[in-house]
Amino acid sequence: MDSSEKEGLVVVEEPLSSTSEQSAHISNQTNLHSAETCKKSNIFSVFLEPIQWIQMLSSQLNPTFIIGIVLVYGLNLGFSGSFFKVVTDYYWKDVQKVQPSVVQLYIGLYYIPWIMKPIWGLLTDVFPIRGYRRRPYFVVAGILGGTSALMVAVIGNLPAAVALACLIGVAAGMAIADVTIDACIATNSIEVRSLAPDMQSLCGVCSSAGALIGYSTSGFFVHHLGPQGALILLAVPPVFITVLGFVIYEMRSSGLNYEKQKTMENLGVAVRGMYQTIKFPQVWKPSLYMYLSLALSISTHEGQFYWYTDPKAGPAFSQEFVGIIYAIGAMASMVGVLIYHKTLKDLPFRNLLFFAQLLYGTSGMLDLIFVLRWNLALGIPDYFFVITEECVSRIISRIRWIPMMVLSTRLCPIGIEGTFFALLMCIDSLGSLTSKWGGGMVLHMFHVTRTDFTNLWLVILIRNIMRIATLGLIFLVPKADQSDALIPPDILTKNSTAISDDEGLELVKKNENDEV
C-alpha cells in the first residue's frame, strides 16, 4: 500500500508539473500578445487622438466654428501666408524686375492691413450687416482676397502700382478673415472657458501645418507655372472663406440700434482707457522696447533672396530648394516653441529677452559668413549651411518672439484687454514695417541691386550691429517673472472722477425706473 501510494503520488505529481509549465508558457504567450496589442494600440492612438480631439471640440462647440478655424488658420493664414511670401518674392524679381531695395518698401506696405486690425474688429462689432456681425465679413474677406489674387495672376503686364494694390488686397483679405474668426474664438472662449486653450492649440496646429504645405509646394508651382501663374492658387483659399460666410453658425442679432449705441459708448470708454493705460511707465517702457527691437533689426531679406537665386554672384538655389528651406525653417520654429515651453517659460522677462536678443544678433553672423562664402573655405556645402542657418535663425526668433507676446498680455488692463492687445499688435506690425522700410533704404544707400551684391555683406554687418546695440535698451523691460502681474488691477478705476461715478449711478437708477 505504501509503495502503491507512493507510485500514485509520483504519477500525480508529474502531470501537475507539466501542467504548470504549460500554463506558464501560455501566460508568456499571452503577455507577449498583449504587449504587441498594446504597441499597436499606442500606434493607432497617435492617429486616433487628434481625430477624437477634433470630435470632442465639435461636440462641445459648433462644428461649423471648428471648420472655420481650420479654413482660416490652416488654409487662409498658414498655407496662403507662406505661399504668398515665396511666390511674391519671385514675382517682383522675375516678372516686375524690381530692385531689392524697392521690394523691401513694397513688402512693408503689406503690413498696413494688419496694422488696421483694430479697425476691422471695430467694424465687425459696430456695423453688423443684415443682423449678422461675423458672417458678412467672411464673405467680404473672401471676395476681396480672391478678386485681388485673380487680377494679379491673370492680367499680364500690370503696372507695379496696380500689382502692389492687388497684393495688398490679398493681405487685407487675410487680415479681415483673421480678425473675424478671432472674434468668434473670443466669444466661444468666454462661453466655454475650459476649452479656450484647446481652441488656441487648434489654431497653432492648423497654422503650422498649413505653413509647411505652403512652403513645401511654393517652389514646385513657381517652377512649373511661373511666378505669375502660381499666384492664381492664392485665389483658391478665399473661395472657401466666402463659402464659410454662408455656412458658419451665427445667431442673428436683434435690437441693433440699441446695441450699436451701446458699442459706441463702450468704444469711447476703451479709447480713454487705452490713453490712460499707455501713460504708465510699466506699460509704455516695454511697449517702446518691443517696437524698437523690431524696428532697429532692419530687414535684409530681399537682398539676400536676390543673391540666393543669382546664378553668377550667389549659390543659384532653385525655386524648389528655396521652398524647402522655408519649410524646414517652419519646422524649426516649432522646435523653438518646445524649447521655450520646456525650459524657458519660468525665466524673468529681462533675463530671457537679453540673452535671446544677444543670440539673435550673434546668429546673424551666419548670414555674413554665407555671403562672404567662408563656408566653402571651411568645406561646408551651401545647401547644408543655409539650412543650418535657417533653422538656428527660426529657433532663436521664436524664443525671442514668444516672451514678447506673453509680456504684451501682461500689459493689458482688465476690461479693455482685447482692444489694448490689438493696439500692442499694431505697434509690433508698425515695428516690422519700419524694419522693412529701413532695410530697403540701407540696401539702396549701399547700391545693392538685382545684379550688384558687392556691399551686401556690409548691409548684413550693419544689421547685426544694430541687433546687438538693441541690448542697450533692455532696461525698458521689467525684471518680473512671466507669471507676475505687471500693472495694478485697478489701473483704469483709481483715477476715475466723481462725475463718472455719478453718471454710472444715474444710469443704474434710470434702468431701475424703466423696469418698474
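Right above here is the structure, for reference.
Keep in mind the model is a prediction, meaning the values are calculated, not measured.

Draft legend 1. Representation of the side chain of Thr309. For Thr309, the position within the fold is in the loop between α12 (301–308) and α13 (319–344). In terms of polar contacts, Thr309 uses its side chain to reach the backbone carbonyl oxygen of Tyr306, at 3.4 Å.

Draft legend 2. Representation of the packing of aromatic side chains. Tallied over the full model, the rule gives 17 aromatic pairs. Consider the rings of Phe79 and Phe83, whose centres lie 5.4 Å apart with planes at 20 degrees: the pair is stacked. Residue Phe79 and its partner Phe83 are both found in helix α2 (residues 63–95); the two are separated by four residues, about one turn of the helix. With respect to burial, Phe79 and Phe83 carry one shared label: buried. Relative to Trp92, the ring of Tyr91 has its centre 5.5 Å away and its plane inclined at 70 degrees; by these criteria the two rings are edge-to-face. Judged on exposure class, the residue Tyr91 and its partner Trp92 are both buried. Taken together, the aromatic side chains of Trp307, Tyr308, Phe317, Phe321, Phe370 and Phe385 make up a single cluster linked through ring pairs. Looking at Arg400, its charged tip hangs above the ring of Tyr360, at a distance of 4.1 Å from the centre. Sitting over the ring of Tyr360, Arg467 keeps its end group 3.9 Å from the ring centre.

Draft legend 3. How the structure looks around a nonpolar patch on the surface. Nonpolar side chains collect at one region of the surface, where Leu150, Met151, Val154, Ile155, Val162 and Ile232 lie side by side and expose about 470 Å² of accessible area between them. Per-element tally for the nonpolar patch: the top contributor is helix α6 (residues 135–154), with three residues.

Draft legend 4. Here's a closer look at the pattern of salt bridges. Applying the stated criterion across every chain, the model contains four salt bridges. The salt bridge involving Asp367 is made with Arg463; its shortest N-O contact spans 2.9 Å. Placement of Asp367 in helix α15 (residues 365–371) and of Arg463 in helix α19 (residues 456–469) is noted, with a sequence separation of 96 residues between them. Like Arg463, Asp367 is buried. Residue Arg394 pairs with Glu390 through a salt bridge whose shortest N-O separation is 3.0 Å. Of this pair, Arg394 and Glu390 both sit in helix α17 (residues 382–410), four residues apart, which is roughly one turn of the helix. There is no split in this pair, since Arg394 and Glu390 are both buried.

Cut-off values and rules
Residues numbered from 1 in each chain as written. Predicted model: local features only at pLDDT ≥ 70, side-chain atom pairs only at ≥ 80, totals over all residues. Heavy atoms only, no water. Helix = DSSP H or I, 4+ residues; strand = E, 2+ residues; numbered from the N terminus. Polar contact = N/O pair within 3.5 Å; in protein donor to acceptor, adjacent residues only side chain to side chain. Phe/Tyr/Trp six-rings, centres within 6.5 Å; stacked < 30°, edge-to-face > 60°. Buried < 20%, exposed > 50% of the residue type's maximum accessible area, 1.4 Å probe, protein only. Lys NZ or Arg CZ within 6 Å of the ring centre and 35° of its normal. Patch = residues over 30% accessible without salt bridge, like charges linked within 9 Å, V, L, I, M, F, W, Y side chains within 5 Å. Areas by Shrake-Rupley, 256 points an atom, 1.4 Å probe, with all protein chains shown as cover. Salt bridge = Lys/Arg side-chain N within 4 Å of Asp/Glu carboxyl O.

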